Amino acid sequence: MARRPIALVTAAVLFIEAPGIVALNAVMARFVEVQSMSLDGLDPDAMVAGTWVLGIVSGLLLALCGTVALLAGVRDKRPGRAGRALLIGCAVVHGVLGAVTVGLIGWGAFAFMTVVLGLVVLTLVAYGKGAETPETPETPESPEAGTPEGAPAPA
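Cut-offs and rules
Residues numbered from 1 in each chain as written. Predicted model: local features only at pLDDT ≥ 70, side-chain atom pairs only at ≥ 80, totals over all residues. Heavy atoms only, no water. Helix = DSSP H or I, 4+ residues; strand = E, 2+ residues; numbered from the N terminus. Buried < 20%, exposed > 50% of the residue type's maximum accessible area, 1.4 Å probe, protein only. Contact = heavy atoms within 4.5 Å. Areas by Shrake-Rupley, 256 points an atom, 1.4 Å probe, with all protein chains shown as cover. 1 Å grid on protein atoms, 1.4 Å probe; cavity = no way out; pocket = protein on both sides within 12 Å on 5 of 7 lines; lining within 4 Å. Points joined across faces, edges and corners; volume = space filled by probe spheres on them. Nonpolar A, V, L, I, M, F, W, Y, C, P; charged D, E, K, R; others polar. Patch = residues over 30% accessible without salt bridge, like charges linked within 9 Å, V, L, I, M, F, W, Y side chains within 5 Å. Salt bridge = Lys/Arg side-chain N within 4 Å of Asp/Glu carboxyl O. Core = buried A, V, L, I, M, F, W, Y, C linked by side-chain atoms within 4.5 Å.

Colleague: So what's going on with the overall build of the protein? Residues and values would help.
Modeller: In terms of regular secondary structure, the protein is built from four helices and zero strands. Reading the protein from its N end, one meets helices and strands in the order α-α-α-α. Of all 155 residues assigned to the protein, the portion counted as buried reaches 26%. Partitioning the contacts of the protein with sequence separation of at least 6, the portion at a separation of at least 24 is 67%. Surface exposure of the protein reaches about 10,100 Å², of which carbon and sulfur atoms provide 69%.

Colleague: Can you lay out the side chain of Thr-51 for me, pointing to particular residues and giving the numbers?
Modeller: For Thr-51, the position within the fold is in helix H2 (residues 44-75). For Thr-51, a relative accessible area of 14% translates into the label buried. Those residues in contact with Thr-51 that lie beyond four places of it in its chain are Asn-25, Met-28 and Ala-29.

Colleague: Give me the lowdown on the layout of surface pockets, citing residues and values where you can.
Modeller: A volume near 710 Å³ is recorded for the largest pocket. Along the wall of the largest pocket there are 24 residues; nearest its centre are Glu-17, Ile-21, Leu-24, Leu-97 and Met-113. Looking at the lining of the largest pocket, the elements that each hand over two or more residues are helix H1 (3-35), H2, helix H3 (81-104) and helix H4 (107-126). The greatest single-element share of the lining of the largest pocket, amounting to nine residues, is contributed by H3. Among the residues making up the lining of the largest pocket, the classes are represented as 17 nonpolar, six polar and one charged.

Colleague: Give a description of unusual backbone geometry that names residues and reports values.
Modeller: Even without glycine at this site, Asp-76 takes up a positive phi of about 55°. Tracing the chain through its elements places Asp-76 in the loop between H2 and H3.

Colleague: I'd like to hear about a nonpolar patch on the surface, residue by residue, with values.
Modeller: Residues Ile-88, Val-92, Val-96, Val-100, Leu-104 and Ile-105 make up a contiguous nonpolar surface patch of roughly 600 Å² in combined accessible area. Take Leu-104: it is sitting in helix H3.

Colleague: Lay out the pattern of salt bridges in plain terms, naming residues and giving numbers.
Modeller: Going through the model one piece at a time under the given rule, you end up with two salt bridges. Asp-76 is paired through a salt bridge with Arg-3; the nearest N and O atoms lie 3.1 Å apart. Taken together, the positions of Asp-76 in the loop between H2 and H3 and Arg-3 in helix H1 put the pair 73 residues apart, joining distant regions of the chain. A residue is classified by how much of its surface remains accessible, and Asp-76, at 27% relative accessible area, is partly exposed.

Colleague: Which residues make up the nonpolar core, and what are the values?
Modeller: Leu-14, Ala-18, Leu-62, Cys-65, Val-68, Leu-87, Cys-90, Ala-91, Val-116, Val-120 and Leu-124 together form the largest nonpolar core, which totals eleven residues. For this core, the elements supplying multiple residues, two or more each, are H1, H2, H3 and H4. If near-sequence neighbours (up to four positions away) are discounted, Val-116 is found in contact with Val-13, Leu-14, Glu-17 and His-94.

Next up, the structure:
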């Protein structure tokens, strides 16, 4: 199965998406600052700071998810419990944001979010519980295992 390339592509996409989400929040913070927006009387400076914090934390979490996928691909081992939980959370967020982006941004953003969701889920499935290959293949012991080729088997 091509699980290693899937995990590496997922990591690359998440690493590209991380600074993109920070940049998107930087633009939104700038809009809030320039227009002096507030939400229900909140201080506009608090709104700007909150937008920056959201962008930076989201970018760090995406980079962390990318690191988990990268380590899974490089090691060709399934992520640990915390890594799987992080990737599951990343998939859920991409699914919800994909549904929201259809109405707000359009079908292109929805397609991107769906592709990322698919890559994260495919990485999780590829490194699922039954996907681990044993290090030593188990072969059934046969009575003919110790006899040379062409020699009759002992009775």
